[in-house]
Structures are given as C-alpha cells and as structure tokens.
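# Fold and contact review
Listed below are the residues making up each chain.
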Amino acid sequence: MMHYDDERSEAPESIQTSKAMVGSNLHPVSIITIAALGQVSKARTELSQDGNALVVHRFDVDDNGQLHWGMEDFCALLGLRPAAKYETTWERIARAVRDHVPGATQLETFRQLATTLLLTYALRNADCHAKNLALLYTSRADVHLSPAYGMITTVAYAGYQQNPPGISFMGKKTWSPGKSLGKFIAATCGVSIKAQVEIVEAISDAVSEIAPRVREAMTRYAAFEDIGKRMLLAWNEDVTGLRGKRVYSLQEWIPSSAFEGFSDPLPHSNENAVIGRSEGLARRS
C-alpha cells in the first residue's frame, strides 16, 4: 500500500563496486540507451575513472537536495518481502499501476512500463525485478513511474548467461516470447502494436547509437573488454530477435559498424551465480 504522507521511502544513492562486474556493465552505457529513447527518464549516474564504482544519484529530491517525491518500489506495492523480488508477474505490476496511477497519466505510465519490458528483452536483462521498478509520488493525484535504474546485460557475466527473465508474463519466463509479447503488452498495458513497433524502432536506433561507447569502454578498461563483446553480441542477437518474424516482423536491422570487427570473447567460466544474492551472505549448510 502506498503511503501518501511525509513518511516516504527513500530512493537509493549508492555506490556499487565489483571487479567482476566492471561498473555494473558500465551502467551508464546501458542507461544512456534508455535516455536516447526520449521515452523513459533515467537515473543520473556517474562512473569512476577506473570503471569500478558507480554512483546513482537520488531522484526523489529537488535541485536543492530537499525531499520532494515519495517512492515505493513494487515489492512494497505488492506486499512482497525484498527477498521475493522475483516472485511476481508483469500482470500484477500492471494491476498495481492501475490501482495507484491516476487515469489521466496511466497511458503514458503504461507506455513507459512497456518500454522497460521491451528493453529487458533488447538488453537481455535478467535482473529486472520488483525492487528495480518503482512509483514516485507527491499525492494521490501525482504518481508516475520512477526513472530507470538497475538496467544491465546480465548475460555478459559468468554464471548468469542462462538466467531467464526476472519477471514472468502469461505464466512464463522465456527469452523467446514470440508474438505473445506484443499481444500481452497490448492487452495488459493498452499500448497498441503500432506504438510498440515505434518503441522497438527507437530501441534499435538507440542501441546502434550507443554501441560505439561500448567499444570505447572496451579499449579504456581492460577488464571490460570481454564483457563489452558479450554485451554487443547479446544486443545484436536480441534486437534482431525482437524485430524478427516471430515477434514484431520488422524490416532487417542494420546496426552500426561498432558491432563488427572484434574477436570472440573468452568462454565463460562454469561458476554458477545466483542473481540477487550478495557475496557477503553466508552459504547455507
């Protein structure tokens, strides 16, 4: 349940560090893809010079740093424990939007939600879960989707390459949704197939435009080189898949030259990883 009073949830201002996940996918590279669409707002981020630290600025405060927005992620909205952040569905999330977002702004909110869902497939982000989606509000009459955050290409990392999508729809978690994806978005979010095609075209253009930034990062950060290669390969495959006959049946995608001219990445290790589990937690006996 959302609380429309002064006891508002705080949006995170965090620094993430990891040698294995350099800059969380060079998070700004992924998030700039979203910004380029001009359809989904993004959290302001900064990357350290060595690529190992990411600062995500709070987006619930005004220009003077004063608390302005309340924030509830979808774990809170759906009554889920944080540990159950993957145990929901896009259907439940859509119902929560209908319950809390005013009618006048619902369609735009659903369009942003649809863009987030499509980006999850285009970027192969298996870590989209109920705590990475949130609503901001000042009152019952002023509620909207928060800026995008936590958007990474999980398939680029060892142990995560086989993970399915974090949130199911129509009872399934699959990277090959077929035409069910468009039908689901149209029926559940009220976003027409025509509008979805526009979003997919915008995503395609944005991914093509940002790919040179990935190549630059591959040159600048040695530890990112193979990750960057896997990102580009995943984006190429998944954007092409969205555009294919089995999903949206769009014309052939011709991406930028940044998707060419590099060797294959080194094979992943066989180490198994569990998304959402901190390395600081004790192992179960």
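Bear in mind the structure is a predicted one, so any value in this text is a computation, not a measurement.

A count of helical and extended segments in the protein chain gives seven helices and six strands. Each helix (α) and strand (β) of the protein chain, taken in turn from the N terminus, gives the series β-α-β-β-β-α-α-α-β-β-α-α-α. Burial statistics for the protein chain: of 285 residues in total, 51% are counted as buried. Contacts spanning at least 24 positions in sequence make up 74% of the contacts within the protein chain whose residues lie at least 6 apart. Carbon and sulfur atoms make up 49% of the accessible area of the protein chain, which amounts to about 14200 Å² in all.

Here we come to the sheet that holds strand β6 (residues 142–145). Pairing within the open sheet is antiparallel, and its three strands lie in the order β4-β5-β6. Across the chains shown, the open sheet's two edge strands, defined by having one partner strand only, are β4 (70–73) and β6. Taking each pair of neighbouring strands and ignoring which way they run, the sheet shows an average axis angle of 25°. As defined by bridge partners, strand β5 (residues 134–139) adjoins β6 across four bridges and the pair is classed as antiparallel. By the bridge assignment, L135 is partnered in β6 with L145.

Position of I227 among the secondary structure elements: in helix α7 (residues 225–243). Residue I227 is classed as buried on the basis of its relative accessible area of 5%. Considering only alpha carbons, one finds I227 and L266, 39 residues apart in sequence, at a separation of 9.4 Å.

A separate point is the nonpolar core. Formed by 65 residues in total, the largest nonpolar core has its most connected members in F74, W90, L181 and I185. Of all the secondary-structure elements, those providing two or more residues to this core are α2 (74–77), α3 (90–100), α4 (103–122), β5, β6, α5 (180–189), α6 (193–220) and α7. Among the elements that line this core, the one with the most residues is α6, at 10 residues. Those residues within four positions of L181 in sequence are excluded, and the remaining contacts are L117, L118, Y121, F169, Q196, L242, V247 and Y248.

Within this structure, the stated rule accounts for six salt bridges. The closest approach of N and O atoms between E201 and R243, which form a salt bridge, is 2.8 Å. With E201 in helix α6 and R243 in helix α7, the pair connects residues that are 42 residues apart, well separated along the chain. The network of salt bridges with common partners includes E225, D226 and K229.

Compared with an ideal rise of 1.5 Å per residue, which puts 28 residues at 40 Å, α6 spans 40 Å between its outermost C-alpha atoms and is within 8% of the ideal. Its maximal kink placed at I210, α6 deviates by approximately 30°, while the proline P212 follows within four residues.

On to the packing of aromatic side chains. The geometry of two aromatic rings is summed up by the distance between their centres and the angle between their planes. The full count for this structure, using the stated rule, is three aromatic pairs. An angle of 35° between the planes, with centres 4.8 Å apart, marks the rings of F169 and F184 as tilted. Here the residue F169 occupies a position in the loop between β6 and α5, and F184 occupies one in helix α5, the gap between them amounting to 15 residues. With respect to class, F169 is no different from F184; both count as buried. A ring pair is formed by W253 and F259, whose centres lie 5.7 Å apart and whose planes are at 75°; its orientation type is edge-to-face. We classify W253 as buried; its relative accessible area is 11%. Relative accessible area serves as the criterion here: at 9%, F259 is assigned to the buried category.

Moving on: unusual backbone geometry. One non-glycine residue, R124, lies in the positive phi region at around 50°. Inspection of the secondary structure puts R124 in the loop between α4 and β5. Residue classification places R124 among the buried residues on the basis of a relative accessible area of 15%. Phi at S249 is positive, roughly 55°, even though this residue is not glycine. Considering the arrangement of structural elements, one finds S249 in the segment after α7. According to the relative accessible area criterion, S249 is partly exposed, its value standing at 43%.

This paragraph deals with the side chain of N125. Within the secondary structure, N125 sits in the loop between α4 and β5. Overall, N125 belongs to the buried group, its relative accessible area being 1%. Once residues within four sequence positions are removed from consideration, N125 is found in contact with T120, G150, M151, I152, T154 and W175.

Rules and cut-offs
Residues numbered from 1 in each chain as written. Predicted model: local features only at pLDDT ≥ 70, side-chain atom pairs only at ≥ 80, totals over all residues. Heavy atoms only, no water. Helix = DSSP H or I, 4+ residues; strand = E, 2+ residues; numbered from the N terminus. Buried < 20%, exposed > 50% of the residue type's maximum accessible area, 1.4 Å probe, protein only. Contact = heavy atoms within 4.5 Å. Areas by Shrake-Rupley, 256 points an atom, 1.4 Å probe, with all protein chains shown as cover. Pairing = 2+ DSSP bridges. Axes fitted to C-alpha atoms, helices over the stretch in contact; angles between N-to-C directions. Core = buried A, V, L, I, M, F, W, Y, C linked by side-chain atoms within 4.5 Å. Salt bridge = Lys/Arg side-chain N within 4 Å of Asp/Glu carboxyl O. Expected span 1.5 Å × (residues − 1). Bend = angle between axes of the 7 residues up to and from the residue. Phe/Tyr/Trp six-rings, centres within 6.5 Å; stacked < 30°, edge-to-face > 60°.

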